[in-house]
Amino acid sequence: MEELLDSLMARDRGEVITLMGLLLDRLGLSPSELLRGSPGAAVRKPSAPPSGVKDLLERPPRKISPKDTPVNTTLTAQSETEKVDIIKPQEPANKKRRLLLLFLSSQLFRQHLDEASTEALAKGFNFAVAPGRIPVENIISNVESALNRIDDKETQESIRQDIAHVLKNAKPPTRNIPHKEYQALKNLRENEDIIILPADKGNATVVLNTIDYESKMMKLLEDPAYKKIVRDPTTYLEKTTKTAINNSPIDDEIKRHLIPREKSSKCPKLYGLPKVHKEGEPLRPIVSSVGSPVHQLAKHVAHVLQPHAEKVDSYVRNADHLIDILKTQTVSPDDILVSFDVTSLFTQVPTGEALEIIKKKYKPEEHIITLAEHCIKNTYFIYNDQRYRQIEGAPMGSPLSPVVANLFMEEIETEAIATSPLKPKLWLRYFDDIFFNNEPVTASQFNNYYNVY
């Protein structure tokens, strides 16, 4: 919906910026929260409504259809009998974009996308197609949802009049994509044989056989961490979450933003992102929890606990932070540099033990632990019309999972390094990715020790 804001700004940007600033200030919202009609809704991949290439790739897997006309390609797979065939479109050197089309059968490999479809997809994950019309009904509906949290009737009416004035005078922006590509995008959604979605890592578009995708998803759900449930617990969790928040000493103004509105929450959805950098292209399970009963509460608890994670000695904020740290290090000729990661960290975290560690070591207020436990123990989702409850580990997609996993790993690595006969000169960690520098010993010695630990 963010592109809708741009369309409103097309006629008189200064006026609308001033108006929207006033509106957001009154509501206490961010732009994405206003347009989505729910407080604090993060722009997460599967939650946005479809409106072009950006949303085609952001949402859980969308379905696309191959065309008959082949596109000029460089083939990196040499045999039709190979399971995986990769096609990379040839592009001008000055275009900084990447499109990776991954087919999981030689039959699909022979059914190339036509040029218009490939060009549309190659515009990238964040490209937003300019809308052909301004979706007045959607804007009004989402604004009304936001206004429901304002008690002052006079303020509500004032905002309605401001929005009505903007909508009355707004015009759609100029089309930013050729008609043939626009039509190709519409066609891409209608075929059920192929699914399109972003790769787990890297700026890549991945095309999968629907059957292969669903088979891999069902394989993931065979994990004992997931249990089938019959009833949708959404309404029940709205009530219990409201009670938990009201029973806490959180400020009343904050409570208003955390409490889910009755019968307005969404059931979280499960989808998978292909790990094209790993053999067999396994899927990473992601639970899209935006709009769920506990999502806002999980964000709040994560915000409270995050400062503790940032104080950890091994903490790495991002790639730039890692580079800055490494610039200060001196590496001897005999040193070894090693990187490794934790297998399926989030689903392997013993959440009860992790929360107990956080409680004892960092001593947050008691209600924070209680609310964190409420969020983690009430992880559920839907896939192919079947609902599941996650009974082990922390869910991928929850705002709370990264900080809980981070603090749990900090405890493990601190004790392991303290008792290890192999002391690393440098030990850095970004969630489950670990980098260390050590005097000459084999990497397997380190790996074996920490796995045993």
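Refer to the preceding data block for the structure.
Quantities reported herein were computed from a predicted structural model and do not represent experimental measurements. Here the residue index of a chain counts from 1 through its sequence in written order. It should be noted that, the model being predicted, local features are given only for residues of pLDDT at least 70 and side-chain atom pairs only at 80 or more, the latter also being counted only at that level, while totals for whole chains, interfaces and linings use all residues. Just so you know, side-chain values use all the structure's heavy atoms and leave hydrogens and water out.

Caption draft 1: Looking closely at the overall build of the chain. Only DSSP runs of H or I reaching four residues or more are called helices, and only runs of E reaching two or more are called strands; each is numbered from the N terminus. When helices and strands are counted, the chain shows 19 helices and 14 strands. Buried, partly exposed and exposed residues are distinguished by accessible area as a fraction of the type maximum, computed with a 1.4 Å probe on protein chains only: under 20%, between the cut-offs, and over 50%, respectively. Put simply, the chain has 453 residues, and 48% of those count as buried. Taking all contacts inside the chain whose residues are at least 6 apart in sequence as the whole, residues at least 24 apart take part in 71%. Put simply, the chain shows about 23400 Å² of open surface, and 50% of that area lies on carbon and sulfur atoms. Residue contacts are counted whenever heavy atoms from the two residues lie within 4.5 Å of one another. Surface exposure here means Shrake-Rupley accessible area, sampled with a 1.4 Å probe, where a residue is shielded only by the protein chains that are shown.

Caption draft 2: Structural view of the layout of surface pockets. Here a cavity means grid points, on a 1 Å grid over the protein atoms only, where a 1.4 Å probe fits yet cannot get out; a pocket means an open set of points with protein on both sides within 12 Å along at least five of seven lines; lining residues are those with an atom within 4 Å of a point. Grid points are joined across faces, edges and corners, and a volume is the space filled by probe spheres set on the points. Each pocket or cavity is described by its volume, and for the second largest pocket that value is around 1100 Å³. Lining the second largest pocket are 42 residues, with D200, R284, I286, F346 and M396 positioned closest to its centre. Secondary-structure elements contributing two or more residues to the lining of the second largest pocket are α10 (210-220), β9 (283-288), α13 (295-310) and α15 (345-348). Of the residues contributing to the lining of the second largest pocket, the split by class is 19 nonpolar, nine polar and 14 charged. Residues are grouped as follows: nonpolar covers Ala, Val, Leu, Ile, Met, Phe, Trp, Tyr, Cys and Pro; charged covers Asp, Glu, Lys and Arg; every other residue, Gly included, is treated as polar.

Caption draft 3: Examining the packing of α13 against helix α17 (residues 366-377) more closely. The angle between two axes is taken between their N-to-C directions and runs from 0 to 180 degrees, where each axis is a line fitted to C-alpha atoms and a helix contributes only its stretch in contact. Viewed as axis vectors pointing N to C, α13 and α17 meet at an angle of 135°, and their least axial separation amounts to 10 Å. When the axis of α13 is compared with that of α17, the two are oblique. Crossing hand, α13 versus α17: left-handed. Residue-level inspection shows L297, A298, V301, V304 and L305 of α13 in contact with α17, the latter providing I368, L371, A372, H374 and C375. Residues of the contact of α13 with α17, tallied by class, amount to nine nonpolar, one polar and no charged. For classification purposes, angles smaller than 35 degrees are called roughly parallel, those larger than 145 roughly antiparallel, those between 65 and 115 roughly perpendicular, and all remaining angles oblique. Here a crossing is called left-handed whenever its near helix is offset anticlockwise from the far helix by less than a right angle, and right-handed whenever the offset is clockwise.

Caption draft 4: Region of interest: the pairing of strand β8 (residues 269-274). With five of six residues buried, β8 is to be regarded as a mostly interior element. Strands were regarded as paired on the criterion that DSSP finds at least two bridges between them. As paired elements, β8 and β9 share six bridges and run antiparallel to each other. Each bridged residue has a counterpart across the sheet, and for L273 the counterpart in β9 is R284.

Caption draft 5: Spotlight on the pairing of β9. Within β9, six of the six residues are buried, which leaves the element mostly enclosed by the surrounding structure. The alternating pattern of β9 places L283, P285 and V287 on one face and R284, I286 and S288 on the opposite face, and all of these are buried.

Caption draft 6: Region of the structure containing the pattern of salt bridges. Definition used for salt bridges: Asp or Glu carboxyl oxygen within 4 Å of a side-chain nitrogen of Lys or Arg. Under the counting rule described, the total for this entry stands at 14 salt bridges. The salt bridge involving E157 is made with R160; its shortest N-O contact spans 3.6 Å. In this pair, E157 and R160 are both assigned in helix α8 (residues 153-169), three residues apart and thus about one turn of the helix distant. For R160, a relative accessible area of 27% corresponds to the partly exposed category.

Caption draft 7: Highlighting the side chain of S398. Note that S398 resides in the loop between β12 (386-390) and α18 (401-419). Not counting chain neighbours up to four residues away, the residues in contact with S398 comprise V287, S289 and A298.

Caption draft 8: Structural context of unusual backbone geometry. Non-glycine residue K263 carries a positive phi angle of around 60°. Relative to the helices and strands, K263 is located in the loop between α12 (252-258) and β8. For K263, a relative accessible area of 69% gives the class exposed. Positive phi values are uncommon outside glycine, yet K363 reaches one of about 50°. Within the secondary structure, K363 is located in the loop between α16 (351-362) and α17.

Caption draft 9: Main features of empty space enclosed by the protein. Counted under the stated rule, the structure contains four cavities of 30 Å³ or more. Space inside the largest cavity adds up to approximately 150 Å³. Taken together, 17 residues form the lining of the largest cavity, with S289, V294, T379, P395 and S398 sitting closest to its centre. Put simply, the parts of the chain that give the lining of the largest cavity at least two residues each are α13 and α17.

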